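The lines below spell out each chain.
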Amino acid sequence: MRHLLLAGVLTIGSLGLLLSGCKDKNSGHGAEATGSEIPIGEYGSMTGDTATFGQSTHNGIQLAVDQTNAAGGVLGKQIKLITEDDQSKTDEAVSAVQKLINRDKVVAILGEVASKRSLAAGGVCQKYGIPMLSPSSTNPAVTQVGDCIFRACFTDDFQGLVGAQFAAKRNWKKIAILTDVNNDYSKGLAKFFRQGYEGKGDLVSDESYREGDRDFKAQLTRIKGTNPDAVYAPGYYTDIGLILRQARELGITVPFFGGDGWDSPDTLKLGSVVDGCFYTNHCSIDDPRPSLQKLVADYRAKYNTDPDAMAITGYDAAMLLFDAIKRAGHANSSDIKTALANTKDFPASTGPMTIDPNRNALKPIVILEIEHGKQIPVESITPQ
């Protein structure tokens, strides 16, 4: 197994990672914990098309809650996690957040993974002044909803640029793109990849599909006709399996590569069709960092399986939120929001995390190769 390469440093200001000019929208007054517990909301896809996203994230969050409460809680109070299933649907995400705020009186909310659902529900959190911390929504627009919306992960302008630079380093001179045009995440990531790849090679094919499609052979046939060196497919794992199987059936043997939307145990179960493919992700469980290895061991002990990246980002997001509540000194939404915004060098399991002025996390990205059902670390890159 290859070792994780030394982290590179990538300057990305030119692509707007630090999104200047973001105007914060007016928000409500939030909520405050008055009893012996601190109510924290979570919404995610526990069922539906992207259920592994929500289930893994929930497992990571629950582990963080259990460990925090066992250590005495926060501000002398126990964390009460209240979870709502949005069924992988945007409208259900909005309803879930409304319940958490109006019925359960939560002081902060964790979620979502899918950027489309974070964008929809984030508007509700902003309206009521409830800080929302997404573990892994990467579309830059998510935190532009307003000053109550945060994320504990990198953004797609960085991820797309890293993908483009990786393609250039592999000497892939002819790239085809296959985008889900019904998915904000996929469209955004494809956009930033195109920008980053400009001048590095030729985009020989730019095809699209819609989430839920089952037949991709027409698009793949056109892609095959352009004889690409690789295919960039920035979609979700729910579609990648079918796309890869149909591509291999048509005789397309070149590597496919994508983003963190590929991350799921289901992707690793695809067999030989996914061997030699790559994707950018939040972390690798083979990273020898002691903090990450402790989390991996704790997760295995609780769930009898390895954590995927969504579980790890869920854990880190929850621990960051609990740390912000402690730093705030009060379990009320306004002070929590201020503490989150002031986060600097928080010791997350994947490395120090700082929240930038646009409420995005500055943290590394890794490139993984899939071989025989395993994720092989190729490179780690740190934003500056």
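Report follows, based on the coordinates. Being a predicted model, the structure only gives us computed values, none of them experimental.

### Describing the packing of aromatic side chains
- The tally for this structure, following the rule as stated, stands at 15 aromatic pairs.
- Ring geometry for Y232 against F257: centres 4.8 Å apart, planes inclined by 50°, an arrangement best described as tilted. Highlighted residues: Y232 in strand β9 (residues 230-232) and F257 in strand β10 (residues 256-258), separated in sequence by 25 residues. Per residue, the accessibility class of Y232 equals that of F257, and both read buried.
- Members of the aromatic cluster, each reached through a chain of ring pairs, are F166, W172, F193, Y197, Y232, F257 and F278.

### Describing the side chain of S205
- Mapped onto the secondary structure, S205 falls in strand β8 (residues 202-209).
- Classification of S205 by relative accessible area gives buried; the value is 7%.
- Excluding its chain neighbours within four sequence positions, the residues that come into contact with S205 are I175, A176, I177, I223 and T226.

### Considerations on the sheet that holds strand β14 (residues 361-362)
- Strand order in the open sheet formed by 3 strands is β12-β13-β14, and the pairing between neighbours is antiparallel. Since the sheet does not close on itself, it has two edges, and those belong to β12 (346-348) and β14, each with one partner.
- Summarising the sheet, strand β13 (residues 351-355) and β14 pair through 2 bridges and their orientation is antiparallel. Following the sheet pairing, I355 is matched in β14 by A361.

About the cut-offs
- Residues numbered from 1 in each chain as written.
- Predicted model: local features only at pLDDT ≥ 70, side-chain atom pairs only at ≥ 80, totals over all residues.
- Heavy atoms only, no water.
- Phe/Tyr/Trp six-rings, centres within 6.5 Å; stacked < 30°, edge-to-face > 60°.
- Helix = DSSP H or I, 4+ residues; strand = E, 2+ residues; numbered from the N terminus.
- Buried < 20%, exposed > 50% of the residue type's maximum accessible area, 1.4 Å probe, protein only.
- Contact = heavy atoms within 4.5 Å.
- Pairing = 2+ DSSP bridges.

Any functional reading would require information that these geometric values do not contain.
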